[in-house]
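# Geometric and topological summary
Read off the chains here:
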Amino acid sequence: AQSVTQLDSQVPVFEEAPVELRCNYSSSVSVYLFWYVQYPNQGLQLLLKYLSGSTLVKGINGFEAEFNKSQTSFHLRKPSVHISDTAEYFCAVSEINSNSGYALNFGKGTSLLVTP
Amino acid sequence: EAGVAQSPRYKIIEKRQSVAFWCNPISGHATLYWYQQILGQGPKLLIQFQNNGVVDDSQLPKDRFSAERLKGVDSTLKIQPAKLEDSAVYLCASSRGIGTDTQYFGPGTRLTVL
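Computed from a prediction, not measured in an experiment: that's the story for all the values here.

Attention now moves to the overall build of chain B. Scanning chain B for helices and strands turns up zero helices and 11 strands. Moving toward the C terminus, one meets the helices and strands of chain B in the order β-β-β-β-β-β-β-β-β-β-β. A globule of 114 residues ought to have a C-alpha radius of gyration of about 13 Å, and chain B, at 13 Å, matches this closely. For chain B, the spread of C-alpha atoms along the principal axes amounts to about 40 × 25 × 25 Å. Within chain B, buried positions represent 46% of all 114 residues. Approximately 5500 Å² of chain B is accessible, and the part contributed by carbon and sulfur atoms is 50%. Where the 13 positive side-chain charges of chain B centre and where its 10 negative ones centre are 5 Å apart.

In structure tokens form, the structure reads like this:
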């Protein structure tokens with residue numbers, strides 16, 4: 001069975017500082033990896049996804065993530081955050097060739113709070 | 001392109017009552033998902049449809065939850081009877097197909113069971 005662990009439940013950071021949100025997963029098969037963002041009272045929005053190829057993936061709003069197969073990690077980074085990046089961030093995994101239809105298995109989320 | 005639509009946005013009921021949620025996916029999207037998001041947790045898949053057939057309902061509490069997707073477009077999720085632990089946000093998502101296709105999420109329905 002697969003699992004997704006987001007190591008930090010809350011990450012406070014000052015505006016214009018860099019940030020890293022950590023995500024580790026476990027699975028017995030190959031996976032696709034995703035990061036979603038959820039702004040208050042809104043649905044989830046895809047930030048980026050790793051399917052194959054280059055392990056460094058660039059997404060929207062200046063975010064990027066790096067897939068590390070040996071460490072089974074997919075950490076999200078941004079070199080300089082804005083107040084508007086304050087939101088809940090979810091890491092998700094779907095198993096390739098899964099009988100479950102590639103449904104997403106989400107972590108518990110990391111709350112990013114950006115202050116002036 | 002219109003996004004995934006859900007209604008109602010908020011619902012308050014008492015335990016043992018029934019409730020239904022509606023979802024209209026993005027036009028042309030064959031796959032539709034219902035997720036349950038309990039406060040402080042990530043979304044959990046309840047059921048996945050491919051057109052009007054069920055792909056995965058292994059985590060759906062079938063004694064009280066039911067879902068249908070007639071004609072392969074709109075979908076409804078029903079809870080009968082509701083329990084206190086059903087208080088959550090119910091998210092609907094759709095994708096063009098499965099596998100690498102991005103899932104697009106609706107705004108959700110926040111259910112409070114008193």
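What follows picks up the thread again.
Counted under the stated rule, the structure contains two disulfides over all chains. Between the sulfur of C23 of chain A and that of C91 of chain A lies a disulfide, 2.0 Å long from S to S. One disulfide, between C23 of chain A and C91 of chain A, carries an S-S torsion of -65 degrees and so falls in the left-handed class. Of this pair, C23 of chain A sits in strand 4 (residues 23-26) while C91 of chain A is found in strand 10 (residues 87-95), placing the two residues 68 residues apart along the sequence. The same class applies to C23 of chain A and to C91 of chain A, which are both buried. Note on cysteine connectivity: C23 of chain B is disulfide-linked to C92 of chain B, with sulfurs 1.9 Å apart. In this structure, the disulfide formed by C23 of chain B and C92 of chain B twists by about -70 degrees around the S-S bond and is classed as left-handed. With C23 of chain B in strand 3 (residues 19-24) and C92 of chain B in strand 9 (residues 88-95), this residue pair connects regions lying 69 residues apart in the sequence. By relative accessible area, which is 0% here, C92 of chain B ends up buried.

Another aspect to go through is the environment of V31 of chain A. All names here are of chain A. Considering the arrangement of structural elements, one finds V31 in strand 5 (residues 31-38). The class of V31 is buried, set by a relative accessible area of 7%. Between the alpha carbons of V31 and A92 there is a distance of 9.9 Å; along the sequence they are 61 residues apart. Setting aside anything within four residues of it in sequence, one finds V31 in contact with Y25, V93, S94, E95 and I96.

The next thing to look at is the sheet that holds strand 1 (residues 5-7) of chain B. All names here are of chain B. Strand order in this open sheet of four strands is 1-3-8-7, and the pairing throughout is antiparallel. At either margin of the open sheet sits one strand with a lone partner, and together these are strand 1 and strand 7 (65-68). For this sheet the average axis-to-axis angle between neighbouring strands, irrespective of direction, equals 15 degrees.

Tracing the backbone through its elements, the reader meets I26 of chain B in the loop between strand 3 and strand 4 (31-37). Between the C-alpha atom of I26 of chain B and that of V4 of chain B, which follows or precedes it by 22 residues, the distance is 5.3 Å.

Attention now goes to the pattern of salt bridges. Residue and element names in this part refer to chain A. Inspection of every chain in the model, using the stated rule, returns seven salt bridges over all chains. Notably, a salt bridge pairs D8 with R22, separated by 3.0 Å at the nearest N-O pair. Separated by 14 residues along the polypeptide, D8 in the loop between strand 1 (3-6) and strand 2 (10-14) and R22 in the loop between strand 3 (19-21) and strand 4 bring together distant segments of the chain. Overall, R22 belongs to the partly exposed group, its relative accessible area being 33%. Here R77 makes a salt bridge to E66, at a shortest N to O gap of 3.6 Å. Here R77, found in strand 9 (residues 73-78), pairs with E66, found in strand 8 (residues 64-68); they are 11 residues apart in sequence, far enough to count as distant. In this structure E66 comes out as partly exposed when scored by relative accessible area, which is 34%.

Right, let's get into the packing of aromatic side chains. Under the definition given, this model contains 14 aromatic pairs over all chains. Ring centres of F63 of chain A and Y89 of chain A lie 5.5 Å apart, and the angle between their planes is 45 degrees; on these two criteria the pair is classed as tilted. Residue F63 of chain A is located in the loop between strand 7 (56-58) and strand 8, and its partner Y89 of chain A is located in strand 10; the two are separated by 26 residues in the primary sequence. You'll find F63 of chain A and Y89 of chain A in the same group, each marked buried. Ring centres of F90 of chain A and F106 of chain A lie 6.2 Å apart, and the angle between their planes is 90 degrees; this geometry places the pair in the edge-to-face category. Here F90 of chain A, found in strand 10, pairs with F106 of chain A, found in strand 11 (residues 105-106); they are 16 residues apart in sequence, far enough to count as distant. The pair formed by F90 of chain A and F106 of chain A is uniform in burial state, with each residue classed as buried. By way of ring pairs, the aromatic residues F34, Y36, F90 and F106 of chain A together with Y33, Y35 and F105 of chain B are connected into one cluster.

Calculation rules
- Residues numbered from 1 in each chain as written.
- Chains lettered and ligands numbered in written order.
- Predicted model: local features only at pLDDT ≥ 70, side-chain atom pairs only at ≥ 80, totals over all residues.
- Heavy atoms only, no water.
- Helix = DSSP H or I, 4+ residues; strand = E, 2+ residues; numbered from the N terminus.
- Rg over C-alpha atoms; globule rule 2.2 N^0.38 Å.
- Buried < 20%, exposed > 50% of the residue type's maximum accessible area, 1.4 Å probe, protein only.
- Areas by Shrake-Rupley, 256 points an atom, 1.4 Å probe, with all protein chains shown as cover.
- Lys, Arg positive; Asp, Glu negative; His and termini not counted.
- Charge placed at Lys NZ, Arg CZ, Asp CG, Glu CD.
- Disulfide = S-S within 2.5 Å.
- Contact = heavy atoms within 4.5 Å.
- Pairing = 2+ DSSP bridges.
- Axes fitted to C-alpha atoms, helices over the stretch in contact; angles between N-to-C directions.
- Salt bridge = Lys/Arg side-chain N within 4 Å of Asp/Glu carboxyl O.
- Phe/Tyr/Trp six-rings, centres within 6.5 Å; stacked < 30°, edge-to-face > 60°.

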